[in-house]
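Structural overview for review
Okay, here's what each chain looks like letter by letter:
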Amino acid sequence: MALTVFAALSLSSCSGAGDEPDLGNGNAIVFGAYISDAYESRASVANIDDLKKAGFGVFASNTGADDFNPDATVGFTPDFMYNQKVWWKAASSGVIGAGSWLCDQDKYWPRGKVSFFAYAPYAAAFGETGITGITGIEVSGSPKVTFKMDSDVDKQIDFLYADAEKTVNLEKVDQVQFNFRHALSRVGFRIVADEVIDAATTLTINSVVFKSSSLGASGDLNLASGKWENVEAREMEYPFETGDFIAGSNVITHAAGTKMSDLTANGKYLMLIPSNKAVPVAITVNYDVATVDDNLAAGGITINNEITSAFEFNFETGKAYWFTLRLGLKSVDVEPVVSDWEDSETDWKPEEKQ
């Protein structure tokens, strides 16, 4: 059911003039952003429209005749572009998908090599969570973005970075192509009954609590390597209530059989700083088992269950995970599954949630 999306954006020079790309503009630098269809990058951003709305920030270093050195302690500063916003301007023709990537200042190819690094969504100012800071303008080596997880799932953002493999040590290429990937891990929940329940019985999930004693609360993303550094791990807990579920998805009846269904969807996925090692996870499910019984004065009986499933799990960068809650009348099993980041059923979009 997963759908891998490939798309290429129209390209433009980093200039404020005109709607369309001008590939013959001398030494003007031309930017583009795209999604790779290679298997290993299926977790790349799959919604072009949201990238266009947010824009992205670019760092660039002019290293002369030398290759960029990510470990340099002197030199190799972002002396060519520093958190330069690149934004999308749709073509005046109104043709869907036509337009240009622009920035506020013209940039032209200098002598020597230039290395480019990018992240999204663009941040002109920094908050207490999300993107909270960037490398100083005179700091040498790889540019980095500091990120802090928000404890409120509704305020989390999808943090993206451009794979730098093909954007370092460039000398006057036709286009600087940014291949954006997800920097975080994504978690969603599904439910299914472990067996067909009686026609008079209904299972209703009231809440799901995701908890770990050792998850990243904040860290620095190295834009050159795409790796997390200086990660501060601590206990993290994320509750999901009835209002966080797809309407009606938290109820299992006899008619549902053992068919699996999504419990969370667009805007309610959990984002995590990748652990890249096994960490303890506990998922607590509170649910009611209601049975109709005409012989009872109340017409039936409802029993509340709260069950915790604990295990260890490795959350990797750019991976999407489904945790399937397999409910029984007295038990809950959790089955983790890796999937493509975007799929045709949920159509999740990489945007900041309001």
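Above this text sits the structure in question.
Source: prediction; values computed, not measured.

Attention shifts here to the pairing of strand E3 (residues 56–64). Across the nine residues that make up E3, a large majority, seven, are buried. Pairing of E3 with strand E4 (residues 81–90), which is carried by four bridges, proceeds in the antiparallel orientation. The residue of E4 that forms the bridge with Phe 56 is Val 86. Where E3 meets strand E6 (residues 113–120), seven bridges bridge the pair, whose relative direction is antiparallel. Bridging across to E6, Ser 61 finds its partner in Ser 115.

By size, the foremost hydrophobic cluster in this structure holds 54 residues, and its most contacted members are Phe 210, Ile 283, Phe 315, Phe 323 and Leu 325. Membership of the second largest hydrophobic core comes to 23 residues, among which are Trp 101, Phe 116, Ala 162 and Leu 170.

Turning next to the packing of aromatic side chains. In the structure shown here, the tally under the stated rule is 24 aromatic pairs. Judged by centre distance (5.1 Å) and plane angle (90°), the ring pair of Phe 313 and Tyr 321 falls under edge-to-face. For Phe 313, a relative accessible area of 13% gives the class buried. By relative accessible area, which is 2% here, Tyr 321 ends up buried. Here Phe 313 and Phe 323 contribute two aromatic rings whose centre-to-centre distance is 5.3 Å and whose plane-to-plane angle is 65°, an arrangement assigned as edge-to-face. Separated by ten residues along the polypeptide, Phe 313 in strand E18 (residues 300–314) and Phe 323 in strand E19 (residues 320–327) bring together distant segments of the chain. Three or more aromatic residues joined by ring pairs make a cluster, and in this case those are Phe 189, Phe 210, Phe 240, Phe 311, Phe 313, Phe 315, Tyr 321 and Phe 323.

Rules and cut-offs
- Residues numbered from 1 in each chain as written.
- Predicted model: local features only at pLDDT ≥ 70, side-chain atom pairs only at ≥ 80, totals over all residues.
- Heavy atoms only, no water.
- Buried < 20%, exposed > 50% of the residue type's maximum accessible area, 1.4 Å probe, protein only.
- Helix = DSSP H or I, 4+ residues; strand = E, 2+ residues; numbered from the N terminus.
- Pairing = 2+ DSSP bridges.
- Core = buried A, V, L, I, M, F, W, Y, C linked by side-chain atoms within 4.5 Å.
- Phe/Tyr/Trp six-rings, centres within 6.5 Å; stacked < 30°, edge-to-face > 60°.

Purely geometric numbers; function is a separate question.
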